[in-house]
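Understanding the architecture of this molecule
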Amino acid sequence: MVGIGASAGGLEAFTLLLNHLPTDTGMAFVLVQHLDPRQKSLLSEILARTTSMPVWEAQEGMTVSPNQVYVIPSDTVMTLRQNTLHLEPRGLGTKMVKTVDLFFNSLAQEWGNKSIGVVLSGGDTDGAQGLEAIKAAGGITFAQSELSAQVTGMPHTAIATGQVDFVLPPEGIAAELAKISRHPYVTQPTDRLENAIVGQDGDALSTIFALLRTVFGLDFAQYKHTTLQRRILRRMALYRLEKLEDYIQYLEKQPEEIEALYEELLIHVTSFFRDTDAFELLKAQVFPAILRDRPADVPVRIWVAGCSSGEEAYSIAIALLEFLADQPHQPQIQIFATDVSEPIIKKARLGVYIASQLDGITPDRLQRFFHAIGNGYQINKNVRELCVFARQNLLNDPPFSHIDLISCRNVLIYFGSALQKKVLSMFHYSLKPNGFLLLGSSETVGNYVNLFHLLDRKNKVYTKQLPGLVLPIELGSPHPAPDRMPEYRDGKAKSPEAELSAAVDKIIISRFAPQGVVINAQLDIVQFRGQMGPFLEPSPGHASLNLLDMVKEELRLELHTAIYQVKQSGEPLHKDGVTVYSLDQSRSISLDIVPITLSNGTNNCFLIVFTEILVFTEIPGSLRPNLDGQNFTGAPHEKSRLDQAEILRLQQELKTTKAHLQSIIGQQQATNQDLRAANEEILSSNEELQSTNEELQTAKEEIQATNEELSTINEELFRRNADTIKVSNDFQNLLSSMNVPILMLEQNLHIRRFTPTAVSLFNLIPADIGRPFSDIKHNLQISDLEEQILEVMATLSPTFQEVQDNNGLWYELRIRPYRTLDNRIDGTVVLLMEIDQLKRRTQQLQEARDYIEAMIQTVHDSLLVLNSEFQVITANQQFYERFQVSPRDSEQGTVFDLSQGQWNIPAFHTLLEDLLSSDTEINDFRIDHEFDHLGPKTMMINVRKIPALSGNPLILVAIDDNR
């Protein structure tokens, strides 16, 4: 199922996509576009001309079929349930509904890893959150490349989430969909595909886990393999690989794919105020309980384990601040948010989110706890300062302690039982005696109800309880035994003969083997073998699995003595002639006690086998031995026989009693010897403890001194942090008030920081921080900007040039190296100074000058332009020709030096000086003068003073020598 979302410019993208799609992909295509609710949509009719697949306008309850196209009607929202389309009216004048996100979410929920999402041209943020849901469900995601989109808003926002697998033009999306449609990941049921691929090689998954463990130090082997296999299969589908061996080779050749797989296996899916009822419960019950009778100097400590990109931690911080707003006392708040992914932790620290990620935020919270930044929002500083984000591996790293509330939501569902046990015991250790644990809606504490008490079943809130036996926490990489025997050994499956032999052994053991029990060194029963009813019976009172508590009374002495003898000798023991009574039967049995040697070489367990030798039934009550010693009556010969049996029984009991007393004496002697040795050890330990106490006293003094130093250092760090915050605030306000587009890049050309005015020029959003600059489509008319930036980094020489943006505005582009305080080059700074008005004024002046120059050249009279020093600035061609003066000679001195001083006419000189000292205009001033090379000339002179930008006026002289 392919969901395709678009808005402005979507029709062209739809057409190109359908034009290049084959008609036999086996996929169904559902187009969701923002349409004018006041007009009937003709989209289905238009698209029907571009493809031979049937194109339908969706109707309520319409069943979706493969190789067909379905188009959303106008003024509706559409969802998918049980493979049918459901429509609801959107309504005019209502809040803007994100129709694409709504459909994508339903698509992800219904189709899971068989869902595909495509975002095409559009000017909104719709579709980005839906693509995240599709990818979280194991689906595949596409976005139209910004270069090919008419409107880049929707594709840009989708790409910025980091959840898009392919960024392609519509034709490329069509080609990739055609290839994916033939891959087993989308053509076969997931369970069958997993079994088929994993069955190819039992060691393939282990190899992938080993690669990830080597690179990132995280062992996925104890995660639930079903989820991991589905994620690995999804990555294989992206590269059209069908065998795990081929994917392993790809991983070894492409190290960046190892990082991509690692991030995908971690499954970062979160949102603000996810499950709102849980946060209401926190405010109603958990926070009041945490703050009840709390001293003012004790901070509230909260741990958010698996925090992902920070939404969960910030949501808890906001909920706690809202709760504390009405409280008389404001305690200190410490929220520790941890995750195993370093890139996601950096994003969480920044606290910047695009609009589509704030769906769970009410307008009131948006106003109180966020501020707008570019095209997104950032958590306010007072909220960010409550949260400390750090990288932590729950499996290896030490936990926090004295925690009031732990939130670990939708993390345990990915762990195997061994990891769940370890993490839950760690949480139990970390919590205070009355601490709380908040889990995800699909999680429970499982079998560890002795560690946590359920407070709210719906919202999965637990409280810590103190069990009789506290589970130890383990640090370091654990390697517990597998839950079941492996099906493969040395990469080979069991042979049919081996399986047959194992089945026969199982039947023989279950039906024909003697009864027995396995006990440990404390005589607790570990395993039962066969029906033990004739020999064991539970004793009344407290339940116990101790052998001596459960065995029948007539066997207790025999067993205790025999087990002691086996413990002392370490050899198996066989004993016959033991009688057991049961109702109207008596059994003569033999006992076999066999020590079991474990892998560490010690006899920690014992196997006790009960073998029946003879069973007597239906003994008459009058002839049954009177175990209380009372007389009985019967025939003489019967009495004689029973007397003989009684004598034998008493002799056997006496023998057993003697052996038992002997074992008790030996045990007592061993105990006395152990006590003497223990006493000596205690005396020695006492001396060692006294010495250790002195050392501890010395260490305490050292720790106190160190603590004082740490307090001093802490105060200094607080002071420096305050100074840093002040400088950062000054810097932020400086950048914001400059109103100058500035873009700072790191050495790898990833975006470090930018000013608000740079947003429109470079099409940036807050989430673009950290993205490669090559992913950004800027609005400057310059094709080699990235190459120029690299050149500046290589040469360390700043560059300056004038450029225009797509709107025709002029800027002076300056590219300079980014220097740190220690004079290290750590990137580049791209600065744009708007010079549009200056550029246009200069152009206007140049145009005016050209216009005046043209006028001067076309006037019939001779014209001269002089400065205030009477130097010739310019002259027209008529002047040069009539007075036989060259331009080169005329522009080297004053007008009085022309023609070797022939223009040094006193009347002309006086005329010009009078003009400078007054604002008068001189019209038709007659000068008669005889030039050596031209003869006598009568000149009518008109002179005007012209104001100039420099402040010094110019003089325009017009000479008419034709009169």
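Residues numbered from 1 in each chain as written. Predicted model: local features only at pLDDT ≥ 70, side-chain atom pairs only at ≥ 80, totals over all residues. Heavy atoms only, no water.

1. Looking at the overall build of the protein chain
- Across its full length, the protein chain holds 29 helices and 37 strands.
- A burial count over the protein chain gives 42% of its 963 residues as buried.
- If you take every contact in the protein chain between residues at least 6 apart in sequence, the share linking residues at least 24 apart comes to 61%.
- As presented, the protein chain carries roughly 51400 Å² of accessible surface, and 51% of it is formed by carbon and sulfur atoms. (Helix = DSSP H or I, 4+ residues; strand = E, 2+ residues; numbered from the N terminus. Buried < 20%, exposed > 50% of the residue type's maximum accessible area, 1.4 Å probe, protein only. Contact = heavy atoms within 4.5 Å. Areas by Shrake-Rupley, 256 points an atom, 1.4 Å probe, with all protein chains shown as cover.)

2. Comments concerning empty space enclosed by the protein
- This model, assessed by the stated rule, comprises 2 cavities of 30 Å³ or more.
- Considered as a void within the structure, the largest cavity measures approximately 50 Å³ in volume.
- Around the largest cavity, the lining residues are V32, Q33, H34, L35, I72, P73, S74, D75, T76, R90 and T99.
- Looking at the lining of the largest cavity residue by residue, the classes come out as 4 nonpolar, 5 polar and 2 charged. (1 Å grid on protein atoms, 1.4 Å probe; cavity = no way out; pocket = protein on both sides within 12 Å on 5 of 7 lines; lining within 4 Å. Points joined across faces, edges and corners; volume = space filled by probe spheres on them. Nonpolar A, V, L, I, M, F, W, Y, C, P; charged D, E, K, R; others polar.)

3. Section: the pairing of strand β31 (residues 810–819)
- For strand β30 (residues 799–804) and β31, the ladder comprises 6 bridges, and the chain directions are antiparallel. Following the sheet pairing, Q804 is matched in β31 by W810.
- Counting the residues that bridge the hairpin from β30 to β31 gives 5 residues, and of these G808 lies at a positive phi of roughly 90 degrees.
- Strand direction decides the pairing type here: β31 and strand β32 (residues 825–834), joined by 8 bridges, are antiparallel. From the neighbouring strand, E812 faces β32, where its bridge partner is M833. (Pairing = 2+ DSSP bridges.)

4. Observations regarding the pattern of salt bridges
- The full count for this structure, using the stated rule, is 23 salt bridges.
- The residue R365 makes a salt bridge to E322 at a minimum N-O spacing of 2.8 Å. Separated by 43 residues along the polypeptide, R365 in helix α16 (residues 363–369) and E322 in helix α14 (residues 311–324) bring together distant segments of the chain. Taken individually, R365 and E322 each receive the classification buried, so the pair is uniform in this respect.
- The salt bridge partner of R771 is D768, with a shortest N-O separation of 2.7 Å.
- Taking the relative accessible area as the measure of exposure, D768 reaches 0% and is therefore buried.
- Through salt bridges with shared partners, a single network forms among K135, D165, R231, R234, R235, E257 and E264. (Salt bridge = Lys/Arg side-chain N within 4 Å of Asp/Glu carboxyl O.)

5. A word on the nonpolar core
- Core analysis: the biggest nonpolar cluster contains 79 residues, and F220, F427 and L437 have the highest contact counts within it.
- The element contributing the most residues to this core is helix α10 (residues 225–238), with 6 residues.
- The residues touching F427, leaving out its near neighbours within four places in the chain, are W303, A305, L394, I406, C408, L437 and F452.
- One finds F273, V286, I335 and F370 within the second-largest nonpolar core, a separate group that totals 42 residues. (Core = buried A, V, L, I, M, F, W, Y, C linked by side-chain atoms within 4.5 Å.)

6. Side note on the sheet that holds strand β9 (residues 140–144)
- As summarised here, the arrangement of the 7 strands in space is β3-β5-β2-β1-β8-β9-β10, forming an open sheet in which the pairing is parallel. Across the chains shown, the open sheet's two edge strands, defined by having one partner strand only, are β3 (55–57) and β10 (166–168). Here the average twist between neighbouring strands, direction ignored, is 20 degrees.
- Sheet topology places strand β1 (residues 2–6) next to strand β2 (residues 29–33); 5 bridges connect them, and they run parallel. When the sheet's bridge partners are listed, V2 is paired in β2 with F29. (Axes fitted to C-alpha atoms, helices over the stretch in contact; angles between N-to-C directions.)

7. Comments concerning the packing of helix α9 (residues 204–216) against α10
- Contact geometry of α9 with α10 gives a least axis separation of 12 Å together with a crossing angle of 85 degrees. Taken together, α9 and α10 sit at an angle that is classed as roughly perpendicular. Contact residues: α9 offers L205, I208 and F209, while α10 offers H225, L228, Q229 and I232.
- Taken together, the residues that form the contact of α9 with α10 break down as 5 nonpolar, 2 polar and no charged. (Parallel < 35°, antiparallel > 145°, perpendicular 65-115°, else oblique.)

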